[in-house]
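Structural features, examined
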Amino acid sequence: MDTQWPRWEVFKQDRPDKPYEAVGTVHAPDAEVALLNARDVFVRRPECHSLWVTPEAAVVRLTAEELAAQPAWLDESPGNAAADEIYHLFCRNNFRRSMVAVTYVGQVVAASPADAMRQAVQRQHADDTVLWWVVADSALTRSNDDDIASMFEPALEKTYRDQSTYRGRIFEGRRRGGTVKEVPGS
Amino acid sequence: MPPEPTHDERLAEFEARIARGEKIEPGDWMPDRYRQQLIRMISQHAHSEIVGMLPEGAWIGHAPSLRRKLILIAKVQDEAGHGQYLYHAAESLGAERQDLIDALLSGKAKYSNIFNYPTLTWADVGMIGWLVDGAAIKNQTMLTGASYGPYSRAMVRICAEETFHYKQGKEMVSLYAQGTPRQRKMAQDALDRWWWPSLMMFGPPDDDSPNSAVLMRWGIKLRSNDTLRQEFIDEIVPELHAAGLRIPDTDLRYDTDSGHWRTGPIDWDEFWRVIQGGGPMNRERLRARREAHDDGLWVREAMAAYASRLAVTSDQ
């Protein structure tokens, strides 16, 4: 069996006061395993307070180039009485180097993904906005506060993953005549 | 409605966007060749991370202390994660991960040549961190500026983590280079074997690199192989000398006029021989990857069965 499983988009929140950010995707057979894989792939280091995953196909995306080719997205549309689903909006506001694709900017109530996207581009449309994503709230699976201790906090103790751990500590010990205790290869 | 732009007009606008420093995102127009070159480069890079787990992973059970073992496990885990970041970037271009992995396992796809050399002693683990990851960081730092958004973002994430790999290697080898006679000998032996393959990691010399012009215009490659190689040499030679190690190149000299360290000639025949399958570990690396893939089959099957049962239950 050579299945690669569906892809899941991963959103990571570093701290409670920080917005969710799109960090990448994982493959998983279901939402629960997607959360676990997201932890392994994107939280080997602090910080993480919460993860959201959603099937990759559930994310509706638009680029500034696509918007320029279809300016109808910007036309005012009358309020839609049938709107009853919550959608989360994510944007990218520049081309600067960064490790995240888009950042959470808020939520809207919309009748469809297209309706949500229309609201997103009208609400977040600065000259430098380059990406818009919308995701239905019902398509998200979230980690919860009970997961923090087992999924995210262990990374705090793994200080050897942090490059600053290696700043000259051992070299200084040597210069002061410290001994080398390791016997490699034995 | 304005008429549809022609291919040439689109190409001109695409190149103008890159020249302005904009990123190309999934959904944006791009030439087929840009997409194909990126999939090739990114998947090769992803395969290198995955195959790169093997030479060091072989030493996890032989680490000389718990601290070194924790560091090495963490590093190998990082390489697995880096492979995933990169497969993700390739998938955003329409590639299927399964196809990419199949190409690796069948021997069709390439990965970094450096991993076709064996890790013979524990010091090789440190030397890989110092030299191989040091060289990789040069290339990856350049690629954080790549014109394709998802590739650039994967590189930023990788570079933030990779510095630890380099530093732990430098720390380890420097310690051994000033340690017992046996440790010093082991560190020097590791440098003797890894020095030249590390310099080859930057790829063939510029006059033998035919795709470079268009890759540079499209912002996939931002600096030439020889430029990056020279920058690496200039940084690493003083570090190795400071550690008390001898670089295995009798022609190596400092050119005061240019301010650069000049090495003797690189044996490109060896490079091509190894890349074409003639290296000491080519067959073993693919054998190990295939075995891992096959051994994981029952896990994938079990997880898929559980997921399908969940789906049935939730439908009821």
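1. Re the overall build of chain A
Counting its secondary structure elements, chain A contains 6 helices and 8 strands. Overall, chain A shows an N-to-C arrangement of helices and strands of β-β-α-β-β-α-β-β-α-β-β-α-α-α. With 186 residues in all, chain A has 43% of them scored as buried. Considering only contacts in chain A between residues 6 or more positions apart, those separated by 24 or more positions represent 64%. When the accessible surface of chain A is totalled, it reaches about 9,400 Å², and 49% of it is carbon and sulfur.

2. Observations regarding the interface of chain A and chain B
Counting from both sides, the interface comprises 45 residues of chain A and, opposite them, 59 residues of chain B. Remark: the boundary between chain A and chain B carries 7 salt bridges. We note a salt bridge from A:R44 to B:D78, for which the minimum N-O separation is 2.7 Å. Inspection of the chain A/chain B interface yields 21 residue pairs in polar contact (both at pLDDT 80 or more).

3. A word on the nonpolar core
Counting residues in hydrophobic clusters, the biggest one holds 104 residues, and the most contacted among them are A:L51, B:Y34, B:Y151, B:W194, B:W195, B:L240 and B:L245. Ranked by the residues each element gives to this core, the list is headed by helix α6 (residues 123–143) of chain B, at 11 residues. Setting aside chain neighbours within four positions, we find B:L245 in contact with B:M127, B:W130, B:V173, B:A177, B:A187, B:Q188, B:L191 and B:L240.

4. Thoughts on the packing of helix α7 (residues 149–177) of chain B against helix α8 (residues 181–200) of chain B
Residues and elements named next belong to chain B. For the pair α7 and α8, interaxial distance at closest approach is 7 Å and the crossing angle is 130 degrees. In this view, α7 runs oblique relative to α8, as classed from their interaxial angle. Residues V173, Y176 and A177 of α7 lie in contact with α8, whose contacting residues are Q183, R184, M186 and A187. Residue classes in the contact of α7 with α8 are distributed as 5 nonpolar, 1 polar and 1 charged.

5. Some details on helix α3 (residues 113–123) of chain A
Regarding α3(A), the residues found buried are A:D115, A:A116, A:M117, A:A120 and A:V121. In this structure, the buried residues of α3(A) make contact with β4 (59–63), β5 (85–92), β6 (103–110) and β7 (131–136) of chain A.

6. Describing the pattern of salt bridges
If you walk through the whole model with that rule in mind, you get 37 salt bridges over all chains. The partner of B:K138 in a salt bridge is B:E235, and the shortest N-O contact between them spans 3.0 Å. Residue B:K138 is located in helix α6, and its partner B:E235 is located in helix α10 (residues 225–242); the two are separated by 97 residues in the primary sequence. Three or more residues joined by partner-sharing salt bridges are found here, namely A:E65, B:E13, B:R17, B:R20, B:E22 and B:D28.

7. Notes on the packing of helix α2 (residues 32–51) of chain B against helix α5 (residues 97–105) of chain B
Between two packed helices, the angle of one axis relative to the other and the distance separating the axes together describe the packing. Residue and element names in this part refer to chain B. Where α2 meets α5, the closest approach of the two axes is 11 Å, and the angle between their N-to-C directions is 65 degrees. Seen from above, α2 lies across α5 with right-handed handedness. On α5, the residues touching I39, S43, H47 and V51 of α2 are L100, I101 and L104.

Rules used in this analysis
Residues numbered from 1 in each chain as written. Chains lettered and ligands numbered in written order. Predicted model: local features only at pLDDT ≥ 70, side-chain atom pairs only at ≥ 80, totals over all residues. Heavy atoms only, no water. Helix = DSSP H or I, 4+ residues; strand = E, 2+ residues; numbered from the N terminus. Buried < 20%, exposed > 50% of the residue type's maximum accessible area, 1.4 Å probe, protein only. Contact = heavy atoms within 4.5 Å. Areas by Shrake-Rupley, 256 points an atom, 1.4 Å probe, with all protein chains shown as cover. Salt bridge = Lys/Arg side-chain N within 4 Å of Asp/Glu carboxyl O. Polar contact = N/O pair within 3.5 Å; in protein donor to acceptor, adjacent residues only side chain to side chain. Core = buried A, V, L, I, M, F, W, Y, C linked by side-chain atoms within 4.5 Å. Axes fitted to C-alpha atoms, helices over the stretch in contact; angles between N-to-C directions. Parallel < 35°, antiparallel > 145°, perpendicular 65-115°, else oblique. Nonpolar A, V, L, I, M, F, W, Y, C, P; charged D, E, K, R; others polar. Left-handed = near helix turned anticlockwise from the far one by under 90°.

Worth remembering: the numbers are spatial, not functional.
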